[in-house]
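Structural features, examined
Listed here are the chains, written in short residue letters.
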Amino acid sequence: MSTSTATVAAAPGGLNLVGRQLPRAAFPAIGAGAVAVTVVLYVLAPITSRIQFVLIAGALYLIGQTVASIAVEGSRRATDRGVTTLVYLAFLLAVIPLVAVLASVISKGAQRVDVDFLTHSMRNIGARDAGGGIYHALIGTLEQIALASLFAVPFSLLVAIYLVEYGRGRISRTISFFVDVLTGLPSVIAGLFILAFYILALERKPTGFAGALALTILMIPVVVRSAEEMLKLVPNDLREASYALGVSRWRTIVKVVIPTALPGIITGVMLAVARVAGETAPLLLTIFGTDSINFNPFSGPQSALPLYIYSQAGQPQQVAIDRAWGAALTLIVLVMLLNAAARLVARLTRVR
Amino acid sequence: MSSEPDGPRKGSSRNDTTVAAAKSASSSDGARVKPADALFKNLTRSAGLGLLALIAAIAAFLVLEATDALSANTGNFLTTTEWFPNGSPPVFGVAALLFGTLLTAVIAMVIAVPVAVGIALFITVYAPRRLATPLAFVVDLLAAVPSVIFGLWGLIVLVPRMEGVQKFLTDYFGWIPLFATDNGVVGRSIFVASVVLAIMILPIVAALSREVFLQVPTAHREAALALGATRWEMIRTAVLPYGRPGVISASMLGLGRAMGETIAVALVLPASFDISWQVLSPAGNTIAANVANGFAEANDVGRGALIASGLVLFVVTMIVNMIARAIIARRREFSGAAA
């Protein structure tokens, strides 16, 4: 390719600190060459995918740049340039799926989401029928994550307080270790546990409550860890000042430490809620799903957005898949709103 | 409030001083431990112990509900590849499922880790400082997308597009046993499932690697550059050796996450129960995906069988996670003084 455009950077007689470098214009030229060769390949060979186009063009650019750089600048700098290109490509490679996922969800979901879709259930609507909506699933998801937060937050907060304020020695280390174990617990295992414990051993019917219990297990380690971090950030001076005034230990924790750490704790809780709102596997095993609206999480099966997406996506009809995209858009908006709110809380309360 | 603790920055010892102060304060005016104080302490401690009980209960109830099915099983649970727990007599084994679980997770890790390390290097070393935080946020955004949406996208959007890539791989690299295929290429395969998993574990591995790369002492990096190293040589001699344990444990955590991922795999993989290294063939299954796919038609023995397979997954992911945590913990002791 364009190796011949190399110039000698050293001024005659001057002190050469930089060495011979490729001119800036060489890189767009190599890039254009790489794309051109790829286009030629496309015409000659039966390649169809856009993913391949990007990969081949990227590889060709890397080869061209390395060859040019070795010829002009030497192998050390050529390696450096090669790695730089690879690192930029790696970042690009991460952004592509994000953009692709968001683009398909938004473009395909927006065609389906409207007021009718948000306010109707799937009752009396077969898989092949158009129409139907996600109202029942939306209610289920909101009730389940509310219940799960209600169970998980106080419990996790107590565990975090124990670990930061009281815990020392073996028990505390063991608890801390098992919080990590719980962090790595696959979500489907949480579902299987509630299935084994609540539905099979206690012989209860699957309800939204059972789903909320499974989500609770998934929320606990996330909330404990973030609350722990936030409690650790509370300056010791505050605690000592409170003790010096004769305030007892537990009142210090409740009245001084927790209020100071509260914004951070709220952020952590919201991120945890956002995480469990998208969980499907535990709900599949615990709430069973229904096509009708069920406001009561304590009796009868409920639906949930992720479960709705899963069941609609598994069907061959295009109308069902369209419904899945519509629900996916709603779910992603819900999760992103929770994330944004969490970051907003963190930002608004940070300055002090 | 400042974001840095003001006290001496030695982790746990910070609290010890508080405790000592509180103890001496209470002991000086006699043995006056307030009942409310003791109550609150016991409340928090019982919550902590409750967490331990929860883990024990998870293991206990999985074992309890699996035993009936395991005793009804006419095959060997660990070596049988078939999965007919609803038949009479029931025959099922976890061998093929476990194989698929490990294979998809390992391929996902092989794809994701180099890219994740690249992203972490990009954010910590290459990106302009002002852009680093927003770019890190973009990668974190990937972690916020629910797994069922990755599954939907993988099934509807990615599978048709990956068909060409897979045909290319099997046409030109089919002589490698891994890329050979007896049943042709239809899109849904272990390989595509691994690509979806790789995308899903990418943000976790990238975020953890980024954390360790940020901890590399600036003096190390500047020393390398001052000796005339290029940027890559600086990374190779200063950043990577320092960050290696962190990257390894991040990869292990990603591996654990990939093994437990359920819905995305259940949507992308066609369920089949055989052990095959042909990653491009339309076949394969994982423990977690099998739970999602097989649950609806499972009878009593079937549910027990799924719970038993879940127990295997629980043990395997726990081992992987423990190894990862052990590496991190050793690192923390090691770098505590340097930080």
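Residues numbered from 1 in each chain as written. Chains lettered and ligands numbered in written order. Predicted model: local features only at pLDDT ≥ 70, side-chain atom pairs only at ≥ 80, totals over all residues. Heavy atoms only, no water.

Digging into the overall build of chain A
Note the following rule: A run of DSSP states H or I qualifies as a helix once it reaches four residues; a run of E qualifies as a strand once it reaches two. Both are numbered from the N-terminal end. Each accessible area is a Shrake-Rupley estimate made with a 1.4 Å probe; only the visible protein chains count as cover when residues are assessed.
Regarding its fold elements, chain A presents 13 helices and 0 strands. Helices and strands in chain A line up, N terminus first, as α-α-α-α-α-α-α-α-α-α-α-α-α. Just so you have it, chain A exposes about 15700 Å², and 67% of that area is on carbon and sulfur atoms.

A few points about the packing of helix α5 (residues 135–166) of chain A against helix α10 (residues 249–277) of chain A
Helix packing geometry: the angle between the two helix axes and the distance between the axes. Residues and elements named next belong to chain A. The test is simple: Every axis in this analysis is a line fitted to C-alpha atoms, fitted for helices over the stretch in contact. Angles between the N-to-C directions lie between 0 and 180 degrees. An angle counts as roughly parallel when it lies under 35 degrees, as roughly antiparallel when it exceeds 145, as roughly perpendicular when it falls between 65 and 115, and as oblique in every other case. Note on convention: near helix rotated counterclockwise from far helix by under a right angle means a left-handed crossing. Clockwise means right-handed. Here, two residues are considered to be in contact whenever any of their heavy atoms come within 4.5 Å of each other. Only Asp, Glu, Lys and Arg are considered charged, only Ala, Val, Leu, Ile, Met, Phe, Trp, Tyr, Cys and Pro nonpolar, and every remaining residue, Gly among them, polar.
At their nearest, the axes of α5 and α10 sit 9 Å apart, and the two run at 135° to each other. One way to sum up the angle between α5 and α10 is to call them oblique. The element α5 and its partner α10 pack so that their crossing is right-handed. Within the contact between the two elements, α5 uses Ile145, Ser149, Val153, Leu157, Ile161, Glu165 and Tyr166 and α10 uses Arg249, Trp250, Ile253, Val257, Ile258, Ile265, Val269, Val273, Val276 and Ala277. By residue class, the composition of the contact of α5 with α10 is 14 nonpolar, 1 polar and 2 charged.

Looking at the environment of Thr119 of chain A
Residue and element names in this part refer to chain A. Our working rule: Think of it in three bands: with a 1.4 Å probe and only protein chains considered, a residue is buried below 20% of the maximum accessible area for its type, exposed above 50%, and partly exposed in between. Identification of polar contacts relies on pairs of N or O atoms within 3.5 Å, with a donor-acceptor requirement for protein atoms, meaning one able to donate a hydrogen and the other able to accept it, and with residues adjacent in sequence counted only if both atoms are side-chain atoms.
By secondary structure assignment, the location of Thr119 is in helix α4 (residues 115–119). Judged by relative accessible area, Thr119 falls into the partly exposed class, the value being 41%. Residues Thr119 and His136, spaced 17 residues apart in sequence, show a C-alpha to C-alpha distance of 8.4 Å. Within the local environment of Thr119, its side chain forms a polar contact with the backbone oxygen of Val115, the two atoms lying 2.7 Å apart. At 3.3 Å, the side chain of Thr119 and the side chain of His120 are in polar contact.

Some details on the confidence of the model for chain A
All names here are of chain A. How we decide: Along the chain, pLDDT gives the predictor's confidence residue by residue, from 0 to 100.
With 92% of its residues at a pLDDT of 70 or more, chain A shows a mean pLDDT of 86. Taken element by element, the predicted model of chain A shows its lowest mean pLDDT in helix α2 (residues 50–73) (83) and its highest in α5 (94). Segment residues 1–11 is flagged for pLDDT under 50; beyond a separation of four residues in sequence, or across chains, it makes 19 contacts in the model.

A word on unusual backbone geometry
Going from Ser88 of chain B to Pro89 of chain B, the amide bond is cis rather than trans, its omega being 0°. Its place among the elements puts Pro89 of chain B in the loop between β1 (83–84) and β2 (91–92). The phi torsion at Glu203 of chain A lies on the positive side, around 55°, for a residue other than glycine. Position of Glu203 of chain A relative to the elements: it lies in the loop between α7 (187–201) and α8 (208–233).

Regarding the packing of α5 of chain A against helix α6 (residues 169–183) of chain A
Residues and elements named next belong to chain A. Closest axis-to-axis distance for the α5/α6 pair is 10 Å, and the angle between their directions is 135°. Classified by the interaxial angle, the pair formed by α5 and α6 is oblique. In the packing of α5 onto α6, the handedness of the crossing is left-handed. From α5, Val159, Tyr162 and Leu163 reach across to α6, where they touch Ile171, Ser172, Ile175 and Ser176. Partitioning the contact of α5 with α6 into residue classes produces 5 nonpolar, 2 polar and no charged.

Considerations on the environment of Val265 of chain B
All names here are of chain B. Tracing the chain through its elements places Val265 in helix α9 (residues 263–268). Taking the C-alpha atoms as reference, Val265 lies 8.0 Å from Val196; in sequence the two are 69 residues apart. Residues in contact with Val265, not counting those within four places in the same chain, are Leu197, Thr286 and Ala289.

Some points on the interface of chain B and chain A
The condition is simple: Summed over both partners, buried area is the accessible surface (1.4 Å probe) that two parts give up on being assembled. A pair is scored as a salt bridge if a Lys or Arg side-chain nitrogen falls within 4 Å of a carboxyl oxygen belonging to Asp or Glu.
Residue-level contacts link 91 residues of chain B with 95 residues of chain A. Carbon and sulfur atoms make up 76% of the area that chain B and chain A hide from each other, which totals about 8600 Å². When the shortest N-O distance is used, the salt bridge between Glu233 of chain B and Arg76 of chain A registers 2.8 Å. Counting across the interface, chain B meets chain A through 9 residue pairs in polar contact (both at pLDDT 80 or more). Considering each element in turn, the side of chain B that touches chain A owes the most residues, 20 residues, to helix α2 (residues 35–72) of chain B.

Remarks on the UniProt feature "transmembrane region" (unreviewed entry) in chain A
To keep things clear, this is the line we draw: UniProt positions are given in the numbering used here, feature names are shortened, and annotations may be inferred rather than shown by experiment.
Per the UniProt entry, the sites bearing "transmembrane region" (unreviewed entry) are residues 25–45, 51–74, 86–106, 145–165, 177–201, 207–224, 256–277 and 324–346 of chain A in this numbering. Across residues 145–165 of chain A, the secondary structure splits into 100% helix and 0% strand, with the terminal C-alpha atoms separated by 29 Å.

What to know about the side chain of Gln144 of chain A
Residue and element names in this part refer to chain A. When you line up the elements, Gln144 lands in helix α5. Owing to a relative accessible area of 1%, Gln144 belongs among the buried residues under this scheme. Sequence-distant contacts of Gln144, that is, excluding residues within four places in its chain, are made with Gly208, Ala212, Leu215, Leu283, Ile287, Gln302, Ser303 and Ala304.

Description of the pattern of salt bridges
Throughout the structure, instances matching the rule amount to 10 salt bridges over all chains. For Arg225 of chain A, the salt bridge is made with Glu228 of chain A, and the minimal N-O distance between the two is 2.3 Å. With Arg225 of chain A and Glu228 of chain A both in helix α8 and 3 residues apart, this pair spans about one turn of that helix. In this structure Glu228 of chain A comes out as buried when scored by relative accessible area, which is 7%. Connected via shared salt-bridge partners are Asp180, Arg225, Glu228 and Lys232 of chain A together with Arg325 of chain B.

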